[in-house]
Structure formats: C-alpha cells, structure tokens
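Here are the chains, one letter per residue:
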Amino acid sequence: MTINIGSDWGHMLASEFEKPYYLKLREFLKEQYENETIYPPMNDLWSAFRETAFEEVRVVIIGQDPYHGPGQAHGMSFSVKEAVKIPPSLRNMLKELQADLGCDMPEHGSLTKWAKQGVLLLNTVLTVRAGAAHSHKGQGWETFTDEVIRKLSARDNPIIFVLWGRPAQMKRQLIDPSRHAILESVHPSPLSAHRGFLGSKPYSKINKQLIEWGNEPIDFCLK
C-alpha cells in the first residue's frame, strides 16, 4: 500500500507513517483490502486530506468511522458521493442547514464543496469492513487521527472544532481552547438529533466565529 496523501499533509505526517503502530495498521489494512470488501475504496482513503490542506483548515468536523454501505464512503466524514442516497445523520445535518441558513435541500450528500473551503471532514477511524460498523476500531487509526488533531491544535491560526456526539467530544482534551473555538452538541443521528442537534444552528455559529476572526464565512449551501 503506497501512502500518497497529497497536499501539505504528507510532510506533516511523514514521521507518523514510520511508527510501529502505523506499520502494524498498514499490514492489517493490506490484508483487509486484499481479502474483504473495505470502505472507502483505497484510492479515496485520504480524500479529506487531499481536499483540505493543513494550512487551509478553518473548521474540523469530527466523525467516527466511515459509512459501511455500498458506495457511500469516500474518505470524508458524513459525506457521500453525489449519486448515493443521503444517509439519516447527513439528512439531519442538511435539515438543520436549511433551518439555520435557509439553504435549499440538496439532491445529493457530497460535502466536497465544504472541504474545498477549509472544512476538514475527519473521521477518527478511516476504514471499515462492509456491513460491519466499527470493525476497524482499535487497529491504530485512533492514534493516527489523534495526532492529526494535535498538529492542528498546535497551529497558530485558529480553527473551529465541531464535536457532535460523545466519541467526538472525547477529542476535546487534544484541543487547546485558548487558541481555538470548540462547538459541541449531540450527534445528528436520528437517535439523538432531537435532543439538541436540531435547532443548534452550528453553521451560523461557525460563520459568526470566522467573521469575528476576520475570515471569510463558508458557503455551506450545496444547491
């Protein structure tokens, strides 16, 4: 498995790829991709990093592991490819986007437009076996993505970290709150969205903070 993240992340994370935990993870992934159906496809594994360079990150939305249904995952948290049916958590995100900013409901669930504007869509585990949620949990990805968050937290330019749900909120300890903004709520999943995600207005809060920092707001509308 060749590692080709692209953008400036390759340099930022070069030492991580040489560490024992990552070499072990790499062997595990090689076996899994050869013998199982794994999502996202290998060539989409680093999409979040390719679309949003380290120096261009303005917002980080932290997810868990990728979607495990056919054709859904393409390497960015919550996002699906344009021809794929919108999953329930993402549909709630888009409903809140409509209520918060008045954006029309899109016909697709690709969040690539956000990524290109500096929204890093980071899952804490980057791969999953087909039909088996959390099947690659505990293999080393968590160590890797924790380091990604630490490197972002150490950056001088401030970032808004969006933590939806308890697993994402556990990453709070990696973030320097004196330097960055942290936005938290329950997860947009249908199981929890009505307990505080819907009505939380995350998108307008993100843009308000960006403007306060003297940055351009993000055009979140997908249609």
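Trainee: Can you help me understand helix H2 (residues 20–35) in this one?
Mentor: In an α-helix there are 3.6 residues to a turn, and that puts residues three or four apart on one side. The terminal C-alpha atoms of H2 lie 23 Å apart, and with 16 residues this matches the ideal 22 Å at 1.5 Å per residue to within 8%. Three or more residues of H2 are buried, namely Tyr21, Tyr22, Leu25, Phe28, Leu29, Gln32 and Tyr33. Angular distribution of buried residues about the axis of H2 spans 130°; they occupy a single face of the element. For H2, the exposed residues lying more than 90 degrees away from the buried face are Pro20, Lys24, Glu27, Glu34 and Asn35. Tucked inside the fold, the buried residues of H2 contact strand S1 (38–39), strand S4 (128–129) and helix H6 (141–153).

Trainee: What is the right way to read the sheet that holds strand S2 (residues 59–63) from this model?
Mentor: Within a sheet, each strand pairs with its neighbour through backbone hydrogen bonds, oriented either parallel or antiparallel. If you trace the four strands from one edge of the open sheet to the other, you get S3-S2-S5-S6, paired in parallel fashion. Lying at the two open borders of the sheet, with one neighbouring strand each, are strand S3 (119–123) and strand S6 (181–185). Taking each pair of neighbouring strands and ignoring which way they run, the sheet shows an average axis angle of 20°. Each of S2, S3 and strand S5 (160–164) is contacted by H6, which is oriented at about 150° to S3, the strand it contacts most.

Trainee: Explain the pattern of salt bridges here, please?
Mentor: A full pass over the atoms with the stated rule returns 11 salt bridges. Measuring nitrogen to oxygen at the nearest pair gives 3.7 Å for the salt bridge that ties Glu107 to Lys223. A residue pair is termed long-range when its members are at least 10 positions apart, and Glu107 in the loop between helix H4 (88–101) and helix H5 (112–115) and Lys223 in the segment after helix H8 (202–212) qualify at 116 residues. Note on Glu107: relative accessible area 70%, which makes it exposed. Note on Lys223: relative accessible area 58%, which makes it exposed. One salt bridge connects Lys208 with Glu212, and the closest N-O pair in it is separated by 2.9 Å.

Trainee: Honestly, the nonpolar core in this entry has me stumped. Any pointers?
Mentor: Across soluble globular proteins, you tend to see nonpolar side chains buried next to one another. By size, the foremost hydrophobic cluster in this structure holds 68 residues, and its most contacted members are Trp9, Trp46, Phe49, Trp114, Trp141, Phe144 and Leu152. Sort the elements by how many residues they give to this core and H2 lands first, with six residues. Those residues within four positions of Trp141 in sequence are excluded, and the remaining contacts are Tyr22, Leu25, Leu29, Leu45, Trp46, Thr124, Val125, Leu126, Thr127 and His136.

Trainee: Just to check I follow, could you spell out unusual backbone geometry for this structure?
Mentor: Most peptide bonds take the trans form, and the phi angle of most residues other than glycine is negative. Along the chain, Tyr39 connects to Pro40 via a cis peptide bond; the corresponding omega equals -5°. Mapped onto the secondary structure, Pro40 falls in the loop between S1 and helix H3 (47–51). Located in the positive-phi region is His134, a residue other than glycine, with phi close to 65°. Structurally, the position occupied by His134 is in the loop between S4 and H6. Of note, Lys201 is a non-glycine position whose phi angle comes to about 50°, a positive value. Structurally, Lys201 can be placed in the loop between S6 and H8. We classify Lys201 as partly exposed; its relative accessible area is 41%.

Trainee: Explain the packing of H2 against H6 here, please?
Mentor: Two numbers describe a pair of packed helices, the interaxial angle and the distance between the axes. Between H2 and H6, the least distance of the axes is 9 Å, while the angle of their chain directions is 125°. The orientation of H2 with respect to H6, classified from their angle, is oblique. H6 is crossed by H2, and the crossing has left-handed handedness. Only Trp141, Thr143 and Phe144 of H6 make contact with H2, whose side of the interface consists of Tyr21, Tyr22, Leu25 and Leu29. Taken together, the residues of the contact of H2 with H6 break down into six nonpolar, one polar and no charged.

Trainee: Quick question: what am I supposed to make of the packing of H4 against H8 here?
Mentor: Closest axis-to-axis distance for the H4/H8 pair is 7 Å, and the angle between their directions is 60°. Considering the angle they form, H4 stands oblique to H8. Listed contacts from H8 to Met93, Glu96, Leu97, Asp100 and Leu101 of H4 are Pro202, Tyr203, Ser204 and Asn207. Of the residues assigned to the contact of H4 with H8, the class counts are five nonpolar, two polar and two charged.

Each value, and the rule that gives it
Residues numbered from 1 in each chain as written. Predicted model: local features only at pLDDT ≥ 70, side-chain atom pairs only at ≥ 80, totals over all residues. Heavy atoms only, no water. Helix = DSSP H or I, 4+ residues; strand = E, 2+ residues; numbered from the N terminus. Expected span 1.5 Å × (residues − 1). Buried < 20%, exposed > 50% of the residue type's maximum accessible area, 1.4 Å probe, protein only. Arc of directions from axis to C-beta. Contact = heavy atoms within 4.5 Å. Pairing = 2+ DSSP bridges. Axes fitted to C-alpha atoms, helices over the stretch in contact; angles between N-to-C directions. Salt bridge = Lys/Arg side-chain N within 4 Å of Asp/Glu carboxyl O. Core = buried A, V, L, I, M, F, W, Y, C linked by side-chain atoms within 4.5 Å. Parallel < 35°, antiparallel > 145°, perpendicular 65-115°, else oblique. Left-handed = near helix turned anticlockwise from the far one by under 90°. Nonpolar A, V, L, I, M, F, W, Y, C, P; charged D, E, K, R; others polar.

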